[in-house]
Amino acid sequence: MQDYVLLMVGAALVNNVILARFLGLCSFMGVTTRVDTAVGMGLATTFVITVSSMLNWAVEAYLLQPFGLSYLRTVTFILVIAAAVQFTEMTVRKVSPPLFQLLGIYLPLITTNCAVLGVTLLLVDGKMSFLASSLFAFASSLGYSLVMVIFAGLRERLALANVPRLFAGPPVGFITASLLALAFMGFAGISAG
């Protein structure tokens, strides 16, 4: 049990998808101008990463490896991710039309979000069990969502700050992101003992 907790803490905080592995930076910089948008994108991405990782684990274990089709891994994984994104998009459109309008083009672009494919490939390379891979995917996506919401809150505060003109916009965003990454590096000191 302790191994699973450490796996989840490591995936969410220590080896964060955005701040440590630099995956998903497009949505990180594009959707984080408002907290409500970041929350919506985080929830949608959490669902897609978790579901597609579980499905891709099964595809890898029961289809690609037994039949020697590992060379089709990337294409197959992207197809599964695209199906999960389509399902998520239809659900969000039906359940929350304002959120669907707010997310705009970023919702279908979850398909090309490298964090989604990256987490799945990390699971395959790690040769994790189904339970471990599911927990890792869920924790990674929670860490992704956490960073998105924190960064959106910081960007909302920065919009009200008197930032020198040279640093206004993306430069101060990247500086803030680097400071947030440094803060998350502090979690690397967490150990089992």
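The coordinates are above.
Only a predicted model underlies this, so the values are computations on that prediction, with no experimental measurement involved.

(A) Up close: the overall build of the chain. Helices and strands together make up the secondary structure of the chain, namely 8 helices and 0 strands. Along the chain, helices and strands appear, N-terminal first, in the series α-α-α-α-α-α-α-α. Here the C-alpha atoms of the chain give a radius of gyration of 17 Å, agreeing with the 16 Å that 2.2 N^0.38 yields for 193 residues. In terms of principal-axis extent, the alpha carbons of the chain reach across some 60 × 45 × 30 Å. Burial status across the chain gives 40% buried among its 193 residues. In the chain, 77% of the contacts between residues at least 6 apart in sequence involve partners at least 24 apart. The distance from the centre of the 9 positive side-chain charges to the centre of the 6 negative ones in the chain is 9 Å.

(B) Looking closely at helix 8 (residues 170-185). Between the first and last C-alpha of helix 8 there are 22 Å, a value that for 16 residues agrees with the 22 Å anticipated at 1.5 Å per step. On its buried face, helix 8 is in contact with helix 1 (2-14), helix 2 (25-30) and helix 7 (130-160).

(C) View of the side chain of threonine 76. With respect to the helices and strands, the residue threonine 76 is situated in helix 4 (residues 73-95). Threonine 76 sits in the buried class, given a relative accessible area of 17%. Those residues in contact with threonine 76, other than ones at most four positions away along the chain, are Asn56, Val59 and Leu64.

(D) The pattern of salt bridges, seen in detail. Per the stated rule, a full pass over the model turns up 3 salt bridges. In this structure, arginine 93 engages glutamate 89 in a salt bridge whose closest nitrogen and oxygen atoms are separated by 3.7 Å. Taken as a pair, arginine 93 and glutamate 89 lie in helix 4 at a separation of 4 residues, close to a single helical turn.

(E) Summary view of unusual backbone geometry. If you check the backbone angles, phenylalanine 22 has positive phi at about 55° while not being a glycine. Position of phenylalanine 22 among the secondary structure elements: in the loop between helix 1 and helix 2. Residue phenylalanine 22 is classed as exposed on the basis of its relative accessible area of 55%. Positive phi, normally seen in glycine, also occurs at lysine 127, with a value near 50°. Considering the arrangement of structural elements, one finds lysine 127 in the loop between helix 6 (114-126) and helix 7.

(F) A look at the packing of aromatic side chains. Overall, the coordinates contain 5 aromatic pairs when judged by the stated rule. Ring geometry for tryptophan 57 and phenylalanine 130: centres 5.2 Å apart, planes at 65°, overall edge-to-face. Of the two residues, tryptophan 57 is situated in helix 3 (residues 35-64) and phenylalanine 130 in helix 7; the sequence distance between them amounts to 73 residues. By relative accessible area, which is 36% here, phenylalanine 130 ends up partly exposed. Where phenylalanine 184 meets phenylalanine 187, the ring centres are 5.4 Å apart and the plane angle is 75°; that geometry is what we call edge-to-face. The class for phenylalanine 184 is buried, based on a relative accessible area of 7%. Here the aromatic residues Trp57, Tyr62 and Phe130 are joined through ring pairs into a cluster of three or more.

Definitions and limits used
- Residues numbered from 1 in each chain as written.
- Predicted model: local features only at pLDDT ≥ 70, side-chain atom pairs only at ≥ 80, totals over all residues.
- Heavy atoms only, no water.
- Helix = DSSP H or I, 4+ residues; strand = E, 2+ residues; numbered from the N terminus.
- Rg over C-alpha atoms; globule rule 2.2 N^0.38 Å.
- Buried < 20%, exposed > 50% of the residue type's maximum accessible area, 1.4 Å probe, protein only.
- Contact = heavy atoms within 4.5 Å.
- Lys, Arg positive; Asp, Glu negative; His and termini not counted.
- Charge placed at Lys NZ, Arg CZ, Asp CG, Glu CD.
- Expected span 1.5 Å × (residues − 1).
- Salt bridge = Lys/Arg side-chain N within 4 Å of Asp/Glu carboxyl O.
- Phe/Tyr/Trp six-rings, centres within 6.5 Å; stacked < 30°, edge-to-face > 60°.

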